[in-house]
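# A closer look at the structure
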Amino acid sequence: MVRWQPGTNERLQAAALELFASQGYEQTTAAEIAQSVGLTERTFFRHFSDKREALFHGQELLVDAFLAGVAAAPDDAAPMELVGAALESAAQFFPGERRDHSRLRQSVIDQNPALQERERHKMSVLATTLRDALRTRGVTEPAATLAAESAATVFGVSFTQWIAPGETRSIVEIERGVLAELRGLTAVAPAPAARG
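Quick look at the structure, then.

## So, the nonpolar core
- In this structure, F66, L130, L134 and F155 are the most contacted members of the largest nonpolar core, which totals 35 residues.
- For this core, the secondary structure elements donating two or more residues are α5 (59-72), α6 (79-90), α8 (113-136), α9 (143-162) and α10 (171-186).
- With nine residues, the single largest contributor to this core is α9.
- L134 has contacts with V70, L82, V139, A144, A147 and A148, leaving out every residue within four places of it along the chain.
- Counting 19 residues, the second-largest nonpolar core is a separate cluster that includes F20, A30, F48 and L115.

Shown next, in the form of C-alpha cells:
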C-alpha cells in the first residue's frame with residue numbers, strides 16, 4: 001500500500017504536465033499519471049476530479065492574488081490604478097524560474113481545443129470576479145466591467161509575451177508596458193489643425 005507523502009498534488013501535477021507534453025493530453029490517462037509517481041489511480045482522483053484539473057488546479061490562488069491587489073490599493077485609487085495594483089499582485093505567481101514550466105504548460109494547452117476553452121473560462125472567471133471586487137470598491141458600470149476586462153486582457157497579453165522564446169523581462173515589467181500601451185490607446189488625440 002502506498003503511503004501518503006507531502007506534496008502529492010505537486011508531484012501529480014508535474015507528472016501530468018510531463019506526460020501531456022511527451023505523449024499528448026488525449027493519449028495520457030489518470031492511471032498513467034498516478035503510476036509515474038508511484039501512486040494509484042484512486043489516489044489521483046482523491047486530488048483531482050479529472051486529468052484536466054491537474055493543469056488548472058490552484059487557479060483560485062491566482063484570482064485571490066488579483067483580488068489582494070485591489071484590496072490593498074489606496075481608497076481613492078482610480079479604476080485603472082486598481083487594475084495596475086491587481087496585476088502587480090498577481091505577478092508573484094510568475095517568478096523567472098517558473099517561466100519554463102509555464103511555457104511547457106501553455107504548449108500543452110495550445111494543442112488541445114478543450115484545454116483552450118478551459119483556459120478562456122478561467123480568464124472569464126477572473127474578469128467577472130475582478131468586476132465584482134471593483135463594484136464593491138464603488139466603481140460604477142460600465143467602468144467596473146471595462147476595467148476588469150482590461151485587467152484580464154493585459155494579463156493575457158503580458159503572459160503570452162513573458163513565455164515567448166528568448167524573453168527575459170519579468171512579467172511585472174511586461175505588464176507595466178502593456179498597461180501603458182492600453183492607456184495610450186485610450187488617450188485623447190489632439191484635435192486636427194484647422195485648414196486655412
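## A short note on the side chain of S102
- The residue S102 is located in helix α7 (residues 99-110) in this model.
- Non-local contacts of S102, meaning those with residues more than four positions away in its chain, are made with F94, F159, W162 and I163.

## A short note on α5
- Look at α5: 20 Å from first C-alpha to last across 14 residues, which is about the 20 Å you get at 1.5 Å a residue.
- Listing the buried residues of α5 in full gives Q59, L62, V63, A65, F66, G69 and V70. All buried residues of α5 project into a common sector of 155° when viewed along the axis, lining one side. Exposed residues pointing more than 90 degrees away from the buried face of α5 are listed as A71 and A72.
- In this fold, the buried residues of α5 make contact with α4 (53-56), α6, α8 and α9.

## Side note on the packing of aromatic side chains
- All told, the structure shown has nine aromatic pairs when counted by the stated rule.
- Taken together, a centroid distance of 5.6 Å and an interplanar angle of 65° make the contact between F94 and F159 edge-to-face. Here F159 lies in helix α9 and F94 lies in the loop between α6 and α7, a separation of 65 residues in the sequence.
- Through pairs of rings, three or more aromatic residues link up here, namely F66, F94, F155, F159 and W162.
- Stacked on the ring of Y25, the Lys or Arg K51 has its end atom at 4.5 Å from the ring centre.
- The side chain of R105 reaches across the aromatic face of F56, ending 4.9 Å from its centre.

## Re helix α1 (residues 8-23)
- Spanning 16 residues, α1 covers 22 Å between terminal C-alpha atoms, matching the ideal 22 Å at 1.5 Å per step.
- Turning to α1, its buried residues are T8, N9, L12, A15, A16, L17, L19 and F20.
- Turning to α1, the residues buried within the fold contact α2 (30-36), α3 (41-47), α4 and α7.
- The first or second residue beyond α1 is G24, which carries a positive phi of 100°.

Reading guide: rules and limits
- Residues numbered from 1 in each chain as written.
- Predicted model: local features only at pLDDT ≥ 70, side-chain atom pairs only at ≥ 80, totals over all residues.
- Heavy atoms only, no water.
- Core = buried A, V, L, I, M, F, W, Y, C linked by side-chain atoms within 4.5 Å.
- Buried < 20%, exposed > 50% of the residue type's maximum accessible area, 1.4 Å probe, protein only.
- Helix = DSSP H or I, 4+ residues; strand = E, 2+ residues; numbered from the N terminus.
- Contact = heavy atoms within 4.5 Å.
- Expected span 1.5 Å × (residues − 1).
- Arc of directions from axis to C-beta.
- Phe/Tyr/Trp six-rings, centres within 6.5 Å; stacked < 30°, edge-to-face > 60°.
- Lys NZ or Arg CZ within 6 Å of the ring centre and 35° of its normal.

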